[in-house]
Amino acid sequence: MGRKIHPLGFRLGWDREIRDFVERYIQKNVKNVSNYGGIGHIEIRRKTDLVQINIHTGFLDLLIEEQSLGISQMKIDLGKKLGLKSQNLRVNLISVTQPYGEPKILAEHVALQLRNRVPFRRTMKKAIELIGRTTDRGIKIQIAGRLNGSEMARVEWAREGRVPLQTVKAGIKYCCHPAKTIYGVLGIKIWIFRDTQ
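Residues numbered from 1 in each chain as written. Predicted model: local features only at pLDDT ≥ 70, side-chain atom pairs only at ≥ 80, totals over all residues. Heavy atoms only, no water.

The protein carries the name Small ribosomal subunit protein uS3c in an unreviewed UniProt entry, which gives Ceratopteris richardii as its organism. Of the protein, the UniProt comment under Sequence similarities (unreviewed entry) reads exactly: "Belongs to the universal ribosomal protein uS3 family." (UniProt positions renumbered as here; feature names shortened; annotations may be inferred.)

Right, here's the structure in full:
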């Protein structure tokens with residue numbers, strides 16, 4: 001039987017390379033990363049001769065303040081790396097209306113709290129409160145590792161609303177993010193349930 005590769009899956013390596021480059025570039029050039037909300041997601045659209053990169057960010061004002069010329073420089077560097085001319089590459093910054101509705105931004109917020117030695121239960125409750133103000137139907141947060149510096153590593157989680165992980169039609173956004181603390185690395189996983197498609 002013939003096996004066919006899905007065209008999106010076939011190009012994942014190229015897309016991953018662009019995403020990693022943009023994230024690393026912003027982390028390296030933003031002076032105070034703790035104030036910056038982070039990148040929600042990066043959307044890459046390709047046509048025959050044009051590559052359009054949409055960077056969905058939580059707090060657009062902070063990114064523009066920190067990098068007035070940084071985006072144009074990033075565009076030039078990315079064009080050199082991919083071998084594209086500047087007119088064939090477009091980089092757009094798009095503000096997310098509800099930044100804490102994006103799991104990646106929320107995970108970075110939780111990681112920052114854990115690095116500052118805030119107790120993990122309070123951090124999880126605060127994150128659920130932040131997401132409760134959005135229109136999402138459910139959230140699940142899981143933190144694993146040496147919680148509060150205890151000797152034995154364990155996994156703790158909290159859930160609010162519905163998070164149907166077994167339902168294929170469910171529109172669930174997921175993110176995993178490491179938090180480097182003085183006790184070791186904690187793993188943060190966040191599932192946000194929007195709605196069934």
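The discussion continues.
Novice: Teacher, can you tell me more about the pairing of strand β4 (residues 138-145) here?
Specialist: On a regular strand, one side chain projects to one face of the sheet and the next to the other, so that they alternate. With seven of eight residues buried, β4 is to be regarded as a mostly interior element. Pairing of β4 with strand β5 (residues 154-161) involves eight bridges; the strand directions are antiparallel. Bridge pairing in β5 places glycine 145 opposite arginine 154. Summarising the sheet, β4 and strand β7 (residues 185-196) pair through seven bridges and their orientation is antiparallel. Residue pairing across strands places isoleucine 141 opposite isoleucine 190, the latter belonging to β7. (Buried < 20%, exposed > 50% of the residue type's maximum accessible area, 1.4 Å probe, protein only. Helix = DSSP H or I, 4+ residues; strand = E, 2+ residues; numbered from the N terminus. Pairing = 2+ DSSP bridges.)

Novice: Which parts of the structure should I look at to understand the sheet that holds β4?
Specialist: Strands pair in a sheet through their backbones, by hydrogen bonds, and they do so in one of two ways: parallel or antiparallel. Taken in spatial order, the four strands of this open sheet run β5-β4-β7-β6, and their pairing is antiparallel. Each of the sheet's edge strands pairs with one partner strand only, and the pair in question is β5 and β6 (170-180). Each neighbouring strand pair of the sheet contributes to a mean axis angle of 10 degrees, computed without reference to strand direction. Relative to β6, helix α5 (residues 103-115) is tilted by about 30 degrees, and along the sheet it contacts β4, β6 and β7. Contacts between helix α6 (residues 120-132) and the sheet are confined to β4, β5 and β7, with β5 contributing the most and set at about 25 degrees to the helix. (Axes fitted to C-alpha atoms, helices over the stretch in contact; angles between N-to-C directions. Contact = heavy atoms within 4.5 Å.)

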